[in-house]
Amino acid sequence: MSQPTARLVVQRGPNLNQVYELALDKITIGRSPANEISITDPEISRKHAQLIRQESGYALEDLGSTNGSFVNDRRVVGLTPLHNGDVIELGEAISLVYQAVSPETDATRVTAGPSLAELDTIPEGLAAPSFTPPAYEAPLRPSAPPAESTEPAETWGMSCGQRILIGCGALVLVLFLCTATLYFLDAYDQGRLLYCGALRPFWEFLLGPFGFAPLCA
């Protein structure tokens, strides 16, 4: 008997998960016991379909069944090649999965290697090769970019404080000078120089609501 090159696995129907090895050139499927694959179910005709071996595998052909044959939900018309994993449906109650089998060859066989006991035995005078892992070298970190200013932070903070003090002193001096000037002009000639000149409209607008009336005559 030739070696099987494919198989059918029952996915739905009687004898669930049963495996049918395919080794003949022509295999009929049906309800009759005279078929190579006999499945007793009213959905299947007495001689429902047949498998024909080709160079690349098997192909399915419907034999004029009542409920039809389908491959991946497509109705079989004529000879339909099968591929690994295809789902064959016979009527609505039977579902078979087609699985291709790769034959073993001498070229693909893996020869057994030496046993662990043989590997553990080292002839005298022959030292076992030693393996020294390479030393791990940490990657160099990039050096920090030079600072824009080499002046310490404390010196910079002190200079900033001095600038604030100088600014505040200058502001106080300006306010003092302005106040002294206004006081002098207000006292000079009863304020005529200050209030009766070009700034009179300004002072009337500013101090008028408080009853201000300069003597400008």
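See above for the structure.
A brief report on the enclosed structure follows.

What counts, and where the lines are drawn
- Residues numbered from 1 in each chain as written.
- Predicted model: local features only at pLDDT ≥ 70, side-chain atom pairs only at ≥ 80, totals over all residues.
- Heavy atoms only, no water.
- Helix = DSSP H or I, 4+ residues; strand = E, 2+ residues; numbered from the N terminus.
- Buried < 20%, exposed > 50% of the residue type's maximum accessible area, 1.4 Å probe, protein only.
- Contact = heavy atoms within 4.5 Å.
- Areas by Shrake-Rupley, 256 points an atom, 1.4 Å probe, with all protein chains shown as cover.
- Pairing = 2+ DSSP bridges.
- Core = buried A, V, L, I, M, F, W, Y, C linked by side-chain atoms within 4.5 Å.
- Patch = residues over 30% accessible without salt bridge, like charges linked within 9 Å, V, L, I, M, F, W, Y side chains within 5 Å.
- Salt bridge = Lys/Arg side-chain N within 4 Å of Asp/Glu carboxyl O.
- Polar contact = N/O pair within 3.5 Å; in protein donor to acceptor, adjacent residues only side chain to side chain.

### Observations concerning the overall build of the chain
What the chain contains, in helices and strands, is 4 helices and 11 strands. Classification of the 217 residues of the chain by burial places 23% in the buried group. The long-range fraction of contacts in the chain, counting pairs at least 24 apart against all pairs at least 6 apart in sequence, stands at 33%. When the accessible surface of the chain is totalled, it reaches about 16,600 Å², and 60% of it is carbon and sulfur.

### Some thoughts on the pairing of strand β1 (residues 6-12)
Summarising the sheet, β1 and strand β2 (residues 19-22) pair through 4 bridges and their orientation is antiparallel. Counterpart to Ala6 in the pairing with β2 is Leu22. Count of turn residues in the β1/β2 antiparallel hairpin: 6 residues, of which Gly13 carries a positive phi of about 130°. As paired elements, β1 and strand β11 (residues 94-100) share 6 bridges and run antiparallel to each other.

### As for the sheet that holds β2
Taken together, 6 strands build an open sheet; the order of strands is β2-β1-β11-β10-β7-β8 and the sheet is antiparallel. Strands at the two margins of the open sheet, each flanked by one partner only, are β2 and β8 (74-75).

### Looking at the sheet that holds strand β3 (residues 26-30)
Sheet architecture is open: 5 strands sit in the order β4-β3-β5-β6-β9, paired in mixed fashion. With partners counted over all chains shown, the strands left at the sheet margins are β4 (37-38) and β9 (79-81), one partner each. Pairing of strand β5 (residues 49-54) with strand β6 (residues 57-62), which is carried by 6 bridges, proceeds in the antiparallel orientation. Looking at β6, one finds that Arg53 is bridged to Tyr58.

### Brief notes about the pairing of β3
Of all 5 residues that make up β3, 4 are buried, and the element is covered over most of its length. With 4 bridges joining them, β3 and β5 adopt antiparallel strand pairing. The residue of β5 that forms the bridge with Ile29 is Ala49.

### Points about the nonpolar core
Counting 22 residues, the largest nonpolar core has Leu8, Leu22 and Leu51 as its most contacted members. Of all the secondary-structure elements, those providing two or more residues to this core are β1, β2, β3, β5, β6, β10 (87-90) and β11.

### Describing a nonpolar patch on the surface
There is a patch of nonpolar side chains on the surface, built from Leu173, Phe176 and Leu177 and spanning about 330 Å² of accessible area. The topology assignment puts Leu173 in helix α2 (residues 153-187).

### Focus: the environment of Glu36
With respect to the element layout, Glu36 can be found in the loop between β3 and β4. Taking the C-alpha atoms as reference points, Glu36 and Leu24, separated by 12 residues in sequence, lie 9.2 Å from one another. Sequence-distant contacts of Glu36, that is, excluding residues within four places in its chain, are made with Leu24, Lys26, Ile27 and Thr28. Within the local environment of Glu36, its side chain forms a polar contact with the side chain of Thr28, the two groups lying 2.6 Å apart.

### Let's talk about the pattern of salt bridges
Counted by the stated rule, this structure contains 3 salt bridges. Between Arg7 and Glu21 there is a salt bridge; the shortest N-O distance is 3.5 Å. Of this pair, Arg7 sits in strand β1 while Glu21 sits in strand β2, placing them 14 residues apart in sequence. For Arg7, a relative accessible area of 24% translates into the label partly exposed. Judged by relative accessible area, Glu21 falls into the partly exposed class, the value being 44%. With a closest N to O distance of 3.8 Å, Glu89 and Arg12 form a salt bridge. A residue pair is termed long-range when its members are at least 10 positions apart, and Glu89 in strand β10 and Arg12 in strand β1 qualify at 77 residues. Exposure remark for Glu89: the relative accessible area of 18% places this residue in the buried category. Under the relative-accessibility criterion, Arg12 is labelled partly exposed at 34%.

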